[in-house]
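Chain by chain, the residues run as shown.
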Amino acid sequence: MDKAELVSRLRDLSAGEVRADEPLSAHTSFHIGGPADALVLPGREEDIAAVLRFAAETATPLTVLGNGSNVLVRDKGIRGIVLVLGNVLKYHRQEGSRMVFSSGLSLAAASRLAGEAGLTGMEFAVGIPGSIGGALFMNAGAYDGEMKDVVTAARLLDYDGTVRTVGKEELDLGYRHSVLQERHAIVLDITTELKPGNPAAIQAKMNDFSQRRQSKQPLEMPSAGSTFRRPAGHFVGPMVEKAGLKGYRIGGAQVSTKHAGFVVNAGGATAADVLALIRHIQDVIRRTDGVELVPEVMILGEE
């Protein structure tokens, strides 16, 4: 079906707000990205299921975004449906030392909620941008902690509309990896197993992590977080800085002058600028250190 019919039929579903040709730069932390043919902002879990059924029945391409903090959308945008979950599925509940967090909650909010409940284990996530759903998808981590350390189960909505709960083993959590990267499913919520702790000590730890992040990372500029995965035995930032690339710029994309492990949008950057800079960094580090850098940021859409 053409774009106009796609948008019309999605609106007929009454499954949330539908926007035609919506710039994805407005839905990513990089502030970069071309238009989505049809962008859907669901209001309820039922809306999500309705869109998934529609996409399956019509064989329409479907892309799911959380709050867009670890993605780069190419300049021609994304065809088909883009389902944005960043403003839906926001709830939590405590069950003793366990806490259930919905996928739309930010990691910062989840960390604070755990701390207020007197539970320790989520402090590492306080400064990581992104949602619970995206964090599970990537097994996000920082400061020697990661999602696999606390997650015991997740409730998933498969693209065929089936809701199921899977255990930690089935999630296959590894370094920046989960089974969700191969399986078509949406995270509805996760169950975490935490430990009782002193609220004041938990808050102090979160304050320390937040201050360290603010002092070392370019949080004041649009980016998608760390650009590359950490290669075994190396740290990306020092390698890139040693190679003389700190501050290096292609168009509006720049290697951060604050932390060389980040590519930032220094003003008006396109996805083509960012991708060219990523390739340049990879080429230089391959020559200088013999290391193959692999992007951590997910690259979506048409060139």
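First, a word on what this report is: a plain description of the structure on this page.

## As for the overall build of the protein
On a plain count of helices and strands, the protein comes out with eight helices and 18 strands. A compact globule built from 303 residues would reach a C-alpha radius of gyration of about 19 Å, and the protein, at 20 Å, matches this within 12%. Relative to its 303 residues, the protein shows a buried fraction of 51%. When contacts within the protein are restricted to residue pairs at least 6 apart in sequence, long-range pairs at least 24 apart make up 63% of them. As displayed, the protein offers around 13,300 Å² of accessible surface, 49% of which is attributable to carbon and sulfur atoms.

## Considerations on helix H2 (residues 45-58)
Because each turn of an α-helix spans 3.6 residues, side chains separated by three or four positions in sequence point in the same direction. Taking 1.5 Å per residue as the helical rise, H2 with its 14 residues ought to reach 20 Å, and the 20 Å between its terminal C-alpha atoms agrees with that figure. Buried residues of H2: Asp47, Ile48, Ala49, Ala50, Val51, Leu52, Phe54 and Ala55, and no others. As for H2, its buried residues are in contact with helix H1 (3-12), strand E2 (35-41), strand E3 (62-65), strand E5 (78-84), strand E11 (151-158) and strand E13 (185-193). One or two positions beyond H2, positive phi appears at Ala59, with a value near 55 degrees.

## With respect to the sheet that holds strand E7 (residues 98-102)
Through backbone hydrogen bonds, the strands of a sheet pair up, either in parallel or in antiparallel fashion. Strand order in the open sheet made by the five strands is E6-E7-E13-E11-E12, with antiparallel pairing throughout. Each having just a single partner strand, strand E6 (92-95) and strand E12 (163-167) make up the two edges of the open sheet. Taken over all neighbouring pairs, the strand axes of this sheet differ in orientation by 20 degrees on average, direction set aside. Note that E6 and E7 share four bridges and pair antiparallel. What sits directly across from Arg93, in E7, is Val100. Against the sheet, helix H3 (residues 107-116) engages E6 and E7, with an angle of about 155 degrees to E7.

## Examining the pairing of E11
With six of eight residues buried, E11 is to be regarded as a mostly interior element. Summarising the sheet, E11 and E13 pair through seven bridges and their orientation is antiparallel. Across the sheet, the residue bridging to Arg155 is Asp189, located in E13. Relative to E12, E11 runs antiparallel, the two being bridged by five bridges. By the bridge assignment for E12, Leu157 is matched with Val163. Where E11 hands over to E12, the hairpin turn is made up of four residues, of which Gly161 adopts a positive phi near 95 degrees.

## Here we look at the side chain of Thr28
Along the chain, the position of Thr28 falls in the loop between strand E1 (17-23) and E2. The residues contacting Thr28, other than those within four sequence positions of it, are Gly68, Val71 and Val73.

## Digging into the sheet that holds E3
Sheet architecture is open: four strands sit in the order E1-E2-E5-E3, paired in mixed fashion. Edge strands, defined here as strands with exactly one partner in the open sheet, are E1 and E3. In this sheet, adjacent strand axes meet at a mean angle of 30 degrees when their direction is disregarded. Relative to E2, E1 is paired through six bridges, and the arrangement is antiparallel. Within the sheet, the bridge partner assigned to Val18 lies in E2 and is Val40.

## A word on the layout of surface pockets
The volume enclosed by the second largest pocket comes to roughly 180 Å³. Lining the second largest pocket are 14 residues, and of these Gly66, Asn67, Gly86, Asn87 and Lys90 lie nearest its centre. Tallied by class, residues from the lining of the second largest pocket come to four nonpolar, nine polar and one charged.

## A closer look at the nonpolar core
In terms of nonpolar packing, the biggest core is built from 31 residues, with Phe101, Leu136 and Ile190 touching the most fellow members. Every element with two or more residues in this core is listed here: E7, H3, helix H4 (132-138), E11 and E13. Counting residues per element, this core draws most heavily on H3, which supplies four residues. With residues near it in sequence (within four places) discarded, Ile190 still touches Met99, Val100, Phe101, Ile132, Leu136, Met147, Val151, Ala153 and Ala154. Core analysis: the second largest hydrophobic core is formed by 25 residues, Phe228, Ala260, Ala271 and Leu275 among them.

Analysis parameters
Each chain carries its own residue numbering, running from 1 in the direction its sequence is written. Two thresholds apply to this predicted model, a pLDDT of at least 70 for residue-level local features and 80 or more for giving and counting side-chain atom pairs, whereas whole-chain, interface and lining totals are computed over all residues. For the side-chain quantities, the full set of heavy atoms in the structure was used; hydrogens and water were omitted. By definition, any uninterrupted DSSP run of H or I lasting at least four residues is a helix, any uninterrupted run of E lasting at least two residues is a strand, and each is numbered from the N terminus. To get the radius of gyration, use the C-alpha atoms; to get the globule rule, take the number of residues to the power 0.38 and multiply by 2.2 Å. Categorising residues by exposure relies on relative accessible area from a 1.4 Å probe, with only protein chains included: less than 20% of the type maximum marks a residue as buried, more than 50% marks it as exposed, and the intermediate range marks it as partly exposed. The contact criterion used is simple: two residues touch if any of their non-hydrogen atoms lie within 4.5 Å. Working definition of accessibility: Shrake-Rupley area with a 1.4 Å probe, residue cover restricted to the visible protein chains. Residue count minus one, scaled by 1.5 Å, sets the expected span of a helix. Any two strands between which DSSP finds at least two bridges are classified as paired. With axes taken as lines fitted to C-alpha atoms, and helix axes fitted only over the stretch in contact, angles between N-to-C directions fall between 0 and 180 degrees. Using a grid of 1 Å spacing that covers the protein atoms alone, one calls a set of points a cavity when a 1.4 Å probe fits there but cannot get out, and a pocket when the set is open and has protein on both sides within 12 Å along at least five of seven lines; lining residues are those with an atom within 4 Å of a point. Grid points are joined across faces, edges and corners, and a volume is the space filled by probe spheres set on the points. Under the convention adopted here, Pro, Cys and the residues Ala, Val, Leu, Ile, Met, Phe, Trp and Tyr are nonpolar, Asp, Glu, Lys and Arg are charged, and Gly plus all remaining residues are polar. Residues grouped as a nonpolar core are buried Ala, Val, Leu, Ile, Met, Phe, Trp, Tyr and Cys residues, joined through side-chain atoms within 4.5 Å.

Remember, this is a structural readout, not a statement about activity or role.
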